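# Report on the structure
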Amino acid sequence: MAINIAPKSLDTELSELMRDVTSGKAQLPEFQRSWTWDDGRIRGILASLSQGYPMGAIMRLECGNENVKFKYRPIEGVKNVTVAPDHLILDGQQRLTSMYRTTCSTDAVLTKTDKGKEIKRFYYLDMKKCLDDNEDRYDAIVPVPEDRKVKTDFDRKVLLDLSTKELEYENEMFPINIIFDGSAREDWADGYKEYHEYGKDFMERYKQFRTEVIETITGYKLPVITLGRETPREAVCKVFENVNTGGVALTVFELVTATFATYEFDLRKDWEECRDVIWGKNEPLNTDVMKGVDETAFLTTITLYTSFFADTATTCKKKDVLGLEFESYQANKAAVLEGYKMARKFLFSQYVFRMRDLPYTTQLIPLAAICAVIGKSSFNLPQTQKILARWFWCGIMGEMYGGANETRFANDIEDVVAAIQGKESQNRTINSSYFSATRLMSLQTRNSAAYKGIMALVYRESCRDFMKGTTMDIVKSMDESPDIHHIFPEAYCIKQGYPKAKWNSIINKTPLLPESNRQIGGEAPSKYSQKIIKAAQIDETQLRLRVESHLVNYAAFIQDDFDTYFIDRAKAIMKVIEGAMGKTISDKGSEQTINSYGVSLED
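The text that follows walks through the structure, step by step, so that each part is easy to find. (Residues numbered from 1 in each chain as written. Predicted model: local features only at pLDDT ≥ 70, side-chain atom pairs only at ≥ 80, totals over all residues. Heavy atoms only, no water.)

## Section: the overall build of the protein chain
Just so we agree on the cut-off: For helices the rule is a DSSP run of H or I covering at least 4 residues; for strands it is a run of E covering at least 2, with both sets numbered from the N terminus onward. Our radius of gyration is a C-alpha quantity, and the globule rule it is checked against amounts to 2.2 Å times the number of residues to the power 0.38. Burial status follows relative accessibility: with a 1.4 Å probe on protein chains alone, a residue under 20% of its type maximum counts as buried, one over 50% as exposed, and anything between as partly exposed. Any two residues whose heavy atoms approach within 4.5 Å are treated as being in contact. All accessibility values rest on the Shrake-Rupley procedure with a 1.4 Å probe; residue burial counts only the protein chains present in the view. Only four residue types enter the charge count: Lys and Arg as positive, Asp and Glu as negative, with His and the chain ends excluded. Charge coordinates come from a single atom per side chain, which is NZ of Lys, CZ of Arg, CG of Asp or CD of Glu.
Tallying secondary structure elements over the protein chain gives 29 helices and 14 strands in all. Against the compact-globule benchmark of 25 Å for 603 residues, the protein chain has a radius of gyration of 34 Å, which places it well outside the compact range. Principal-axis analysis of the C-alpha atoms places the extent of the protein chain at approximately 110 × 60 × 50 Å. The buried share among the 603 residues of the protein chain stands at 51%. Pairs at least 24 residues apart make up 74% of the contacts formed inside the protein chain by residues separated by at least 6 positions. Summed over its atoms, the accessible surface of the protein chain is roughly 28000 Å², and 46% of this surface lies on carbon and sulfur atoms. Between the centroid of the 79 positive side chains of the protein chain and the centroid of its 87 negative side chains there is a distance of 5 Å.

## What to know about the packing of aromatic side chains
Just so we agree on the cut-off: Pairing of aromatic rings covers Phe, Tyr and Trp, the last counted by its six-membered ring, and requires centre-to-centre distances within 6.5 Å; plane angles under 30 degrees mean stacked, over 60 mean edge-to-face, and any other angle means tilted. Should the NZ of a Lys or the CZ of an Arg lie within 6 Å of a ring centre and within 35 degrees of the ring normal, that charge is described as sitting over the ring.
All told, the structure shown has 36 aromatic pairs when counted by the stated rule. Put simply, the rings of Y169, F174, W188, Y192, Y195, F202, Y206 and F209 touch in pairs and so form one group of aromatic residues. Cation over ring: R148 sits above F122, and NZ or CZ is 3.7 Å from the ring centre. A cation over a ring is seen here: R275 above W279, with NZ or CZ 5.4 Å from the ring centre.

## Some words on the sheet that holds strand β5 (residues 87–91)
The following threshold applies: A strand pair is defined by DSSP finding two or more bridges across the two strands. Axes here refer to lines fitted to C-alpha atoms; in helices the fit is confined to the stretch in contact. Angles between the N-to-C directions go from 0 to 180 degrees.
Strands sit in the order β1-β12-β3-β5-β2-β4 across an open sheet of six strands; the sheet is mixed. Whereas interior strands pair on both sides, the edge strands pair on one side only; in this sheet they are β1 (8–13) and β4 (72–73). Two elements, β1 and strand β12 (residues 221–227), share six bridges in a ladder whose sense is antiparallel. Following the sheet pairing, T12 is matched in β12 by L222. Each of β1, β2 (26–29), β3 (58–62) and β12 is contacted by helix α1 (residues 14–23), which is oriented at about 95° to β1, the strand it contacts most.

## Digging into the pattern of salt bridges
Selection criterion: By convention in these notes, a salt bridge is any Lys or Arg side-chain nitrogen within 4 Å of a carboxyl oxygen on Asp or Glu.
All told, the structure shown has 27 salt bridges when counted by the stated rule. For the salt bridge of E172 with K128, the shortest nitrogen-to-oxygen distance reads 3.5 Å. Highlighted residues: E172 in the loop between α6 (165–171) and β11 (173–175) and K128 in helix α4 (residues 127–130), separated in sequence by 44 residues. When its relative accessible area of 2% is taken as the criterion, E172 is described as buried.

## A few points about the nonpolar core
Heads up, the rule is: Only buried residues count toward a nonpolar core, which is a set of Ala, Val, Leu, Ile, Met, Phe, Trp, Tyr and Cys residues joined through side-chain atoms within 4.5 Å.
In terms of nonpolar packing, the biggest core is built from 134 residues, with F298, Y329, Y340, L440, I454 and I577 touching the most fellow members. Not counting the four nearest positions on each side in its chain, L440 is found in contact with F435, I454, S505, I506, I507, A570, I573, M574, I577 and Y597. Counting residues in hydrophobic clusters, the runner-up holds 45 residues, among them L28, W35, I75 and F209.

## With respect to unusual backbone geometry
Of note, Y198 is a non-glycine position whose phi angle comes to about 55°, a positive value. Position of Y198 among the secondary structure elements: in the loop between α7 (182–195) and α8 (200–218). With a phi close to 65°, Y351 is a non-glycine residue in the positive phi region. Among the secondary structure elements, Y351 is positioned in the loop between α14 (326–349) and α15 (364–379).

## Observations concerning the packing of helix α10 (residues 252–260) against helix α11 (residues 267–278)
How two helices pack is summed up by the angle between their axes together with the distance between the axes. Defined as follows: Angle categories: roughly parallel below 35 degrees, roughly antiparallel above 145, roughly perpendicular from 65 to 115, and oblique for all the rest.
Running from N to C, α10 and α11 cross one another at 120°; their axes reach a closest spacing of 9 Å. Relative to α11, α10 is oriented oblique. Each of F253, E254, V256, T257 and F260 in α10 lies in contact with α11, whose residues at this interface are L267, R268 and W271.

## Some thoughts on a negative patch on the surface
For clarity, the threshold we go by: Patch definition: residues with relative accessible area over 30% and no salt bridge; like charges joined within 9 Å; nonpolar side chains (Val, Leu, Ile, Met, Phe, Trp, Tyr) joined within 5 Å.
A contiguous patch of negative charge on the surface is contributed by D132, D133, E135, D136, D139 and E212. Note that D136 resides in the loop between α4 and α5 (137–140). For D136, a relative accessible area of 48% puts it in the partly exposed group.

## Looking at the side chain of N508
Looking at the secondary structure, you find N508 in the loop between α23 (500–503) and β14 (509–512). Overall, N508 belongs to the buried group, its relative accessible area being 0%. Not counting residues up to four positions away in its chain, the partners in contact with N508 are H485, H486, I487, F488, C493, K502, W503, F562, Y565 and R569.

## Topic: the side chain of S15
Relative to the helices and strands, S15 resides in helix α1. Other than its neighbours up to four places away in sequence, S15 contacts F180 and T218.

## Structural notes on α8
To be explicit about the condition: How far a helix is expected to stretch is found by multiplying one less than its residue total by 1.5 Å.
With 19 residues, α8 extends 25 Å between its outermost C-alpha atoms, agreeing within 8% with the 27 Å of an ideal straight helix rising 1.5 Å per residue. Listed in full, the buried residues belonging to α8 are Y206, F209, V213, I214 and I217. Check the buried side of α8 and you find it contacts α2 (39–51), β7 (118–126), α4, α5, β11 and α7.

Put into structure tokens, the structure is as follows:
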């Protein structure tokens with residue numbers, strides 16, 4: 001649904017904006033990042049300002065909507081503000097902060113050099129350079145340290161001293177931080193004229209400086225776009241994302257954090273505690289499998305869980321997460337955390353132990369929400385595990401979670417919970433999943449979910465390492481770090497002239513420990529198998545069991561019969577996929593499959 005907002009735009013004097021900043025009428029939403037501009041950018045904007053150049057619009061949000069509340073804070077450098085703001089700055093924070101701190105604050109500006117070193121600076125306008133058309137205005141903006149002395153030679157030599165008003169007058173350096181203070185500005189002008197004994201040249205120079213520079217700044221206007229108080233929260237998020245192209249993108253989490261902060265609740269700190277639970281920080285088996293779950297995924301899971309029990313349609317789109325009520329978060333957080341604990345346990349049962357082997361991090365959102373709904377007692381039932389596993393593998397092998405998934409998440413929690421509770425279920429993910437026999441040939445790298453899924457299914461078949469004979473359970477997986485290797489080695493296949501589309505596909509790959517891979521090298525199976533028998537001190541019967549545990553036809557393997565081995569392993573992998581999905585791969589005998597493999601894959 002389109003969000004219609006009618007912002008108002010009005011040219012506003014910079015002096016008025018500075019008064020609003022000083023008084024606290026204009027403040028920042030808590031989700032805004034800190035001020036980051038360095039000395040060079042500050043000088044650049046002051047140079048533009050002193051010449052009346054455009055510097056872009058300011059965008060602000062009118063406060064007062066009871067349904068859209070954000071915690072707020074003053075612009076950096078503003079002191080003693082206790083009032084609630086009339087407006088929150090959405091775009092223009094860096095510019096307004098830079099102008100406030102340089103033109104309105106009596107404190108030195110804490111900024112940094114272009115190399116990132118922290119420095120404190122006051123800024124001056126060099127009157128002579130400002131009036132010299134041959135001078136770059138940037139060079140007329142003079143930064144000086146906090147003691148107002150520019151030094152060199154390891155601080156032994158003073159190049160410029162502006163530590164007293166008399167020295168400012170002498171060097172004809174106008175302090176920018178009094179530019180909007182009419183009284184202080186006129187006092188400085190009187191002192192300047194008196195110091196120079198009302199000399200004609202000095203009087204004329206100040207008059208020209210006042211007309212061309214001071215009045216340009218004090219009369220400067222810039223467009224201010226105001227979003228009315230009726231603007232919905234999701235529109236604020238979208239607008240901020242659109243205007244904040246130069247910074248770090250605003251996340252849903254940061255907006256919700258700013259909303260929850262109005263309840264004196266620190267969502268970020270709470271997330272850090274929840275994150276430790278989700279990631280299993282204090283669990284006996286500490287793996288990284290859940291570390292892809294971030295703060296936004298967590299909020300989406302709570303929203304999905306909350307919505308499932310609501311009277312309205314189940315949904316967890318961005319606008320729904322933004323609309324998550326604080327009370328709902330507090331009420332449902334514990335159940336969702338338990339859901340994530342169960343999800344972690346379920347992954348282990350499916351032989352997914354590490355984040356790098358997890359097909360879809362996004363699938364953990366509905367998985368955790370489903371587990372939260374059904375609870376531990378139901379989760380532990382064999383029938384529940386069977387239903388969860390079929391849904392899980394259909395989603396992976398059907399490659400269903402690669403794009404925008406919020407609608408699928410809603411379907412999943414409704415369908416899988418219904419199936420577990422023995423109710424009629426649409427099983428939309430299961431029914432729409434499809435795996436093609438030709439897909440095996442195109443799985444060449446571990447980037448795809450289906451590739452990772454097949455490797456996990458090979459683990460689940462209790463495959464044994466060629467050298468050590470150990471199965472890849474969670475402890476060994478984390479301790480010894482198996483990786484994916486070619487069964488018929490790459491170098492051997494290239495030498496034999498086998499098609500890369502075949503030897504580099506997942507059909508010719510399997511998880512092995514590093515020691516096995518070292519023994520394999522680049523030799524034919526018939527040769528490296530003898531090396532393994534000798535190094536591992538096993539007989540051929542034991543080797544055969546280990547090789548066959550990887551869904552490999554041992555007779556073809558030991559005879560270096562690549563073609564027979566390749567077709568038989570493709571069939572074996574597809575049989576395992578069919579078992580996991582609970583459905584038949586329908587195109588094993590299709591013309592396209594025959595063209596790809598050279599034969600039908602039907603038994």
